[in-house]
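Chains, contacts and geometry: an overview
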Amino acid sequence: MKMKLNIPIWQLKENISGVRIEKMNEAFISSLFDDISTLHRNDHFICIMLTTGRAELLVDFKKVQVTPGRVIFLFPGQIQRAVKFENNVDGWILFLDNKMVDEHARLMIEDSLFKGPVLPLSAPDVWWFIRYFELLLQTYNDESLGPLHKPAVNAFAAPCVYKIASAFQANTQLGLNHHSQRSIELTKEFKRQVRQHFPDLKKPSEYAALMRYSISYLNDTVKAVTGFTTSYFIQQEMLRESQRLLCYTDLSIKQISDRLGYEDPKYFNRIFTKLAGTPPGRFRTNFKSLKA
C-alpha cells in the first residue's frame, strides 16, 4: 500500500557521524524557525537544555514547556514542532543517531516517560549538564584532534545518554519508593507489552492473560504505581499511533482503523473522538492546516 508522506522525516545531518551539537541561541533559532515551526519527525534523538529563556514545543500533539533547570529528550518518530521561544533563549541542542543510544538506556528512559519527555534536574545535575555540554561542544569543534576527532566525540556522547537515563529513572523512582520492586517491574513490563501488542490486544484482560496475572492484580498494581488504569495506557498508545497515521499518511480513516485492529470504523471513530476530543477527520484537517 502506497503511503504519502505528509510530514517530512528529518535525517541527522552532521559533520561527525552520529553526533551533532549546537548552541541553542537566538541566531540558531532564527535561522531554523520557519522549518522547525512546521510539523516534522526526526529519525534521531534530540536533547535540549536551556540556561536562559523559555521554549514551547508540540510533541506528539501535546504542549511541552522547556525552561532552565530541565532537560527534554525526544525520540525518533515523534511528531513535533516549535511553537515559540521567549526571553533570550540560550543553551544547547544535541542530536544523536539511533546507534548512540543503546537498548538498555532507551528502555530506562521509555519506562519513565509516562509523565512526559521533560526531566526536572537537581541543582548538582544542572551544573553537571552545563559543564558537560560546554566540553562536548568544545570537543566537537576541536579539529586539532585529527583522526581521533570522530571517536572522541562519539565516545563523549555516552555519558550524556547514561546520565539522562539514570536521571529519568531516579526522578520516576522518587514517586515509586513506597512500591515494591516487583510491582514496578510488572508495570514496566505491562507498558512494554502494550507498545508491542496494542494493535492486536485491546482489553486489559488480554494483557493479564499474556503476562499470566489475574486481571485484578494487574489493574491494581498498574494503578497503584502510575496513578493510571491499564485501559488508559492501551488507549493512549492507540491514540498516539492513530494521530501519527492521520498526520503522517494519506490512509483513509477506515484503513487506519483496520491497521489498528478495529473492524468497525464507526467504533474507532467514537473511541478516537472520546480520547482526542475531536473526530479523526477533523483532527487530520486541523493538523494539516498547521503546515500552511
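Description of the structure in this document. (Residues numbered from 1 in each chain as written. Predicted model: local features only at pLDDT ≥ 70, side-chain atom pairs only at ≥ 80, totals over all residues. Heavy atoms only, no water.)

1. Some points on the overall build of the protein chain
Along the protein chain, the regular secondary structure elements total 11 helices and eight strands. Over its C-alpha atoms the protein chain spans a radius of gyration of 20 Å, differing by no more than 12% from the 19 Å that the globule rule assigns to 292 residues. Its C-alpha atoms give the protein chain principal-axis dimensions of about 60 × 50 × 35 Å. Across the 292 residues that make up the protein chain, the buried fraction comes to 47%. Residue pairs at least 24 apart in sequence account for 75% of intrachain contacts in the protein chain once pairs closer than 6 positions are excluded. Working note: accessible area of the protein chain is about 14500 Å², and carbon and sulfur atoms make up 52% of it. (Helix = DSSP H or I, 4+ residues; strand = E, 2+ residues; numbered from the N terminus. Rg over C-alpha atoms; globule rule 2.2 N^0.38 Å. Buried < 20%, exposed > 50% of the residue type's maximum accessible area, 1.4 Å probe, protein only. Contact = heavy atoms within 4.5 Å. Areas by Shrake-Rupley, 256 points an atom, 1.4 Å probe, with all protein chains shown as cover.)

2. Some thoughts on the pattern of salt bridges
All chains considered together, the criterion is met by 11 salt bridges. Measuring nitrogen to oxygen at the nearest pair gives 3.0 Å for the salt bridge that ties Asp125 to Lys163. Residue Asp125 is located in helix H3 (residues 123–140), and its partner Lys163 is located in helix H4 (residues 149–173); the two are separated by 38 residues in the primary sequence. On the basis of relative accessible area, Lys163 is assigned to the partly exposed category, the value being 21%. (Salt bridge = Lys/Arg side-chain N within 4 Å of Asp/Glu carboxyl O.)

3. Points about the state of the cysteines
Inspection of the entire model under this criterion finds zero disulfides. No disulfide involves Cys47; its sulfur sits 4.5 Å from that of Cys160, the nearest cysteine. Judged by relative accessible area, which is 1%, Cys47 ranks as buried. Given the relative accessible area of 0%, Cys160 is considered buried. (Disulfide = S-S within 2.5 Å.)

4. A closer look at helix H6 (residues 204–211)
Every buried residue of H6 is accounted for by Pro204, Tyr207, Ala208 and Met211. Each buried residue of H6 lies within a common arc of 105° when the element is viewed along its axis, so the set occupies one face. The secondary structure elements touched by the buried residues of H6 are helix H5 (181–197), helix H7 (215–226) and helix H8 (230–248). At the exit of H6 stands Arg212, carrying a positive phi of roughly 65°. (Arc of directions from axis to C-beta.)

5. Considerations on the pairing of strand S7 (residues 79–96)
One face of the sheet, then the other: side chains in a regular strand alternate in exactly this way. With five bridges connecting them, strand S2 (residues 19–23) and S7 associate as antiparallel partners. When the sheet's bridge partners are listed, Arg20 is paired in S7 with Phe95. Of the pairings in the sheet, the one linking strand S3 (residues 40–42) to S7 comprises two bridges and is antiparallel in character. Each residue of the ladder has a partner; that of Arg41, found in S7, is Ile79. Bridge count for strand S4 (residues 45–59) against S7 is 13 bridges, and the pairing is antiparallel. (Pairing = 2+ DSSP bridges.)

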